[in-house]
Amino acid sequence: MTAEKVITCKDLTKKFGDFYAVNRISFDVARGEIFGFLGANGAGKTTAMRILCGLSYPSSGEATVAGFNVYKQQESIKKNIGYMSQKFSLYEDLSILENITFFGGVYGVSRKEIKTRSQDLLERLGLQQQAKKMVGELPLGWKQKLAFSVAIFHRPKIVFLDEPTGGVDPVTRRQFWDMIYGAAASGITIFVTTHYMDEAEYCNRISIMVDGRVEALDTPANLKKQFSAADMNEVFYQLARGARRSGE
Amino acid sequence: MQQLFVFIRKEFYHVFRDRRTLLVMFGLPAVQILLFGFAMTSEMKNARMVISDNARDVQSQQLINKIKASSYFTISEAVTDYRDVERAFKKDEVKCALIFPAGFGNDLLNGGRAQVQIITDGSDPNTAKTIINYLTAIITEYRQQQFPAAALPYKITPEIRMLYNEEGNGSLNFIPGVMALILMLVCTALTSVSIVKEKEMGTMEVLLVSPFKPVLVLISKAVPYLVLSFINFTLIVLLSVFALHVEIKGSIFLLFLESTLFIITCLSLGLLISNTTSSQQTALLICMMGLMMPTMVFTGFMFPLENMPWPFRVISNILPSRWYYIIIKAVMLKGLGFKYIWKETLVLAGMTLVLLTIALKKFKIRLQ
Amino acid sequence: MASVTVQHISKTYNAGTVLAVDDISFEVQQGELFGLIGPDGAGKTSLFRILTTVLLADKGNASVAGYDVVKDYRAIRKCVGYMPGKFSLYQDLTIEENLEFFATVFGTTLKANYDLIKDIYDQIEPFKNRRAGKLSGGMKQKLALCCALIHKPEVLLLDEPTTGVDAVSRKEFWDMLKRLKQQGITILVSTPYMDEANLCERIALIQNGRILSVDTPPNIVKAYPVNLYAVKAAEIYRLLTDLRNNPQIESCYAFGEFLHITIRDKDREGEKILKDIIAAGGHRDIVIKKITPTIEDSFIRLMNQPGAGVSGLAIP
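Structural notes, computed from the coordinates. Position numbers for residues start from 1 in each chain and track the written sequence from start to end. The naming scheme follows written order: chains are lettered A onward, ligands numbered 1 onward. In keeping with the predicted nature of the model, local features appear solely for residues at pLDDT of at least 70, side-chain atom pairs appear and are counted solely at 80 or more, and the whole-chain, interface and lining totals rest on all residues. Excluded from the side-chain calculation are hydrogens and water; included are all heavy atoms of the structure.

## A closer look at the overall build of chain B
Secondary structure is summarised from DSSP: a helix means a run of H or I of at least four residues, a strand means a run of E of at least two, and numbering begins at the N terminus for each. If you tally the helices and strands in chain B, you get 14 helices and 4 strands. Taking 368 residues into account, the globule formula puts the C-alpha radius of gyration at 21 Å, and chain B, at 28 Å, lies well above it. Over its C-alpha atoms, taken along the principal directions, chain B stretches across nearly 95 × 45 × 40 Å. When burial is assessed residue by residue, chain B has 46% of its 368 residues classed as buried. Should any heavy atoms of two residues lie within 4.5 Å, those residues are considered in contact. Expressed as a percentage of contacts within chain B between residues at least 6 apart in sequence, the contacts between residues at least 24 apart total 78%. Only carbon and sulfur atoms are counted for the fraction: they give 63% of the accessible area of chain B, which is about 19,300 Å². Here the globule rule reads 2.2 Å times residues to the power 0.38, and the radius of gyration is calculated from C-alpha atoms. Throughout this description, buried means an accessible area under 20% of the type-specific maximum (1.4 Å probe, protein chains only), exposed means over 50%, and partly exposed covers the range between. Accessibility throughout is a Shrake-Rupley quantity obtained with a 1.4 Å probe, and a residue counts as covered only by protein chains that appear here.

Shown next, in the form of structure tokens:
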């Protein structure tokens, strides 16, 4: 089965002066995959993600996202992806409905579609009564779930999630991952980074970056076999322990 | 005591490692002084004038030459038709017109009196008035030169002098005002932002949970800015003296002493403002924007306070810069001694005490 | 002797509309390594701020090292070491300058208490002239800990010291805490990471401003009321849906590569029931086993009980 490749990158590099933030990484992500992109702080994850989101130019190497070139077609990339991070999700002083309408409009969803889809979204999350409530008043877990729904509102091919479940309680985290499973089943590719190693297990495949390079790329089961580890925590620990960049 | 010293040293580190703020702190006053001094002057120079000389005689020519010789006017053209004059005004090519009637010279020599018409652009009344004054002065001077014994009996010719400013140096008005404005804005803004920054970064929280006394925080924040503002003030004075050729008539020592007092007043105000907000942006807005308008309007250097209705005059008394402006004018421009400004000094000192006390009392020993 | 006591503390914000801390009570013994485990918004930071005296509670009493948090706040501020969230240090001062500053603030010097922080400081000493703003998360964490320890406090209050830090540094940090405990310092730590709960002597699980449970980690796990099973199959997502739709299953949620299941009918043999259900669904590579619950399992179960103050969060 040849699945369509929604992300490809080959020898992708980003350097700042002499410092190689991302050092010749290569991997592919297939359509509908849940791809975990792991690594310690400073390993180069964020830099790599920014390139794939069309926010930054690589220094060398090739990459395509949703079929678009990261050098020449950054705007097309941005139109075809969704993005959500822990640091920013929605506007706290706008209501739920206002946020949905705003982001829908930004991504070019027609007004008619926005109406139907937002009703659908609110129903699925059980928030019909709270549509006019300010997002700032919601508990963190709900904000994150709502933010994810908004990120896929315009039915992008790929959605990038940057530590989406940070600090959230265990139950909400799992509800969040239920939503991720649902999205993946409908054909949206998920590119997610996380600090929770048990969440790494939910992914189809994982890559672990250390010091700017991809040091592991496989399914969780295979990685555990490869490193003789009981869980992903141990795999990660073994890899990250040898990193030189954690002290700098 | 050692705590205080260490804290002050830390504050100096912060200040010197923040290049951008240093730039604003020293750059802004310098730029303002130079701008106000050179660019903004209410003097008139090179006003364009159109002349319609219908007389074309010796006298009219003499008067025209005299006007040309002054640096106030640039003669743009000589026309004969009244409609050309009108057109020149409409096109905004000139600021004024001077029209000699046909028999100007004759009237003057034979009848002892003649008329000229001065037309100015009234849509800019201040400039228009100045132009009228200049022209009138030149004309009067011409008449006196040509006809010294011209007996216009009992005519009292006013002799005009501008005390303390014989040359009519326009920038003199602004320098004390700008000093007051700059010191007020910069000192207040920088001090309050520095304190609020600690709140925003979270380090204030750590400081609170320590034996460190709150009053020491306030003092140590104020000291570096006191020193820097002092240097800043010196810079402003030097600029004024050497670039703008302003003469300091009074005691330099007294000038610096009073300015130090004013700086402390402003720092106290900054400390007080820092208690009201936890966001650097808000602190900056309050200090720069919130204080700027009142300071510019109510200090009295842009618009005379005497012209304002009395409620405004009462409000202006609250502003420290208003009192400092009086003091600076007295010492710097008039050369007066302490005897003449003790009242204003007392007001400033009183304000400082009140501000400091309130700032201390309102200093939050908890986060909420 | 209790080092920290909390009695019926409540705290609201925004004129009473936000209930951050809801009638919390617990104690920390002297020299204990105590963990406050809960997600963001649970009330951990508010509680810490009340204990360090920078916030006033609406109701209740608390004391630290024997001093009341309201009346004797000055005494508390002299004898605790506090590390607020997000490492509050001076970004533009170097490591050494930060340390010396905080040492002087507490009326001591770097040299006087050097052996206390030696283990930790040795790791960052090579970078002592680097500005704090340019350090990695792990190093900032170590520096912040040194600054909190520099005056040999009786009680150490650390608010989410491991959040946002990589896994390796987190582990090192907890090793450092264990060594500190041996010096007799009482340590109260908060963290959202459930797996760190096992590294504490006693823990309090906190959610939505309420305490769910206070005990040693083993005891909390022992108190899990039913049997817990872990299952796995080739198609995990389909298995999840199958099980959730089955009326015999009480709860089913993902946990790493397994699903954790509890069964409604507590008397019958769980493994057999599961075997039947899963086989009926035509799954392959089936693994079923009974397991000891983790703290996270306990947290989830406690969260979903009535009275836990969990609003609008139904079990999926």
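There is more to say, and it comes next.
## Let's talk about the sheet that holds strand 4 (residues 60-65) of chain A
Residues and elements named next belong to chain A. One open sheet holds the 4 strands; their spatial order is 2-1-4-5, and the pairing between them is antiparallel. What marks the edges here is a single partner per strand, and that holds for strand 2 (19-30) and strand 5 (68-69). One requirement defines pairing of two strands: DSSP has to find at least two bridges between them. With 5 bridges joining them, strand 1 (residues 5-16) and strand 4 adopt antiparallel strand pairing. When the bridges of strand 4 are listed, Thr 13 appears paired with Ser 60.

## Quick look at the interface of chain C and chain A
Tallying the contact residues gives 36 residues for chain C and 33 residues for chain A. Roughly 2,700 Å² of surface becomes buried between chain C and chain A when both sides are summed, with 59% attributable to carbon and sulfur atoms. When a carboxyl oxygen of Asp or Glu is within 4 Å of a side-chain nitrogen of Lys or Arg, the pair counts as a salt bridge. Across the contact surface, chain C and chain A share 4 salt bridges. For Arg244(C), the salt bridge goes to Asp178(A), with nearest N and O atoms at 3.2 Å. Think of a polar contact as two N or O atoms within 3.5 Å of one another; within protein, one of them needs to be a possible hydrogen donor and the other a possible acceptor, and neighboring residues in sequence only count if both atoms come from side chains. Where chain C packs against chain A, one counts 7 residue pairs in polar contact (both at pLDDT 80 or more). Those elements that provide at least two residues to the side of chain C that touches chain A are helix 6 (167-181), helix 8 (236-244), strand 12 (249-255) and helix 10 (295-303) of chain C. Considering only residue class, the side of chain C that touches chain A consists of 20 nonpolar, 7 polar and 9 charged. Put simply, buried area is the surface a 1.4 Å probe can reach on two separate parts but cannot reach once they are joined, added for both. Residue classes follow a fixed rule: Ala, Val, Leu, Ile, Met, Phe, Trp, Tyr, Cys and Pro count as nonpolar, while Asp, Glu, Lys and Arg count as charged, and any other residue, Gly among them, counts as polar.

## With respect to the sheet that holds strand 2 (residues 18-29) of chain C
All names here are of chain C. Strand order in the open sheet made by the 4 strands is 2-1-4-5, with antiparallel pairing throughout. Each edge of the open sheet carries a strand with a single partner, namely strand 2 and strand 5 (67-68). Throughout, an axis means a line fitted to C-alpha atoms (over the contacting stretch in the case of helices), and angles, computed between N-to-C directions, take values from 0 to 180 degrees. With respect to the sheet, helix 1 (residues 44-51) is in contact with strand 1 (2-13), strand 2 and strand 4 (59-64), its orientation differing from that of strand 1 by roughly 120°.

## Things to note about a nonpolar patch on the surface
Together, Phe88(A), Tyr91(A), Phe102(A), Val106(A) and Tyr107(A) make up an exposed nonpolar region whose accessible area comes to about 450 Å². On the secondary structure map, Tyr107(A) appears in the loop between helix 3 (96-106) and helix 4 (111-125). Patch membership needs two things, relative accessible area over 30% and no salt bridge, and members are linked within 9 Å if like-charged or within 5 Å if nonpolar (Val, Leu, Ile, Met, Phe, Trp, Tyr).

## A look at helix 5 (residues 104-111) of chain B
All names here are of chain B. Within helix 5, the full set of buried residues consists of Phe 104, Gly 105 and Leu 108. Buried residues of helix 5 fall within an arc of 100° about the axis and therefore sit on the same side. Along helix 5, exposed side chains directed more than 90 degrees from the buried face belong to Asn 106, Asn 110 and Gly 111. Buried residues in helix 5 make contact with helix 3 (58-69), strand 3 (96-100) and helix 6 (125-146). Gly 112, located one to two residues past helix 5, shows a positive phi value of around 80°. Note: the arc covers the axis-to-C-beta directions of the helix.

## Points about the interface of chain C and chain B
Contacts between chain C and chain B engage 32 residues on the former and 25 residues on the latter. Buried area between chain C and chain B, summed over both chains or domains, comes out near 2,700 Å², and the portion from carbon and sulfur atoms is 62%. Its largest share of buried area at the contact with chain B, chain C owes to Val54(C), Arg77(C) and Tyr90(C), together 22% of the area lost on that side. On the surface where chain C and chain B come into contact, there are 2 salt bridges. Where chain C packs against chain B, one counts 13 residue pairs in polar contact (both at pLDDT 80 or more). Those elements that provide at least two residues to the side of chain C that touches chain B are strand 1, helix 2 (73-79), strand 6 (80-83) and helix 3 (95-105) of chain C. Element by element, the count of residues in the side of chain C that touches chain B is highest for helix 3 of chain C, at 6 residues. Here the side of chain C that touches chain B is composed, by residue class, of 17 nonpolar, 7 polar and 8 charged.

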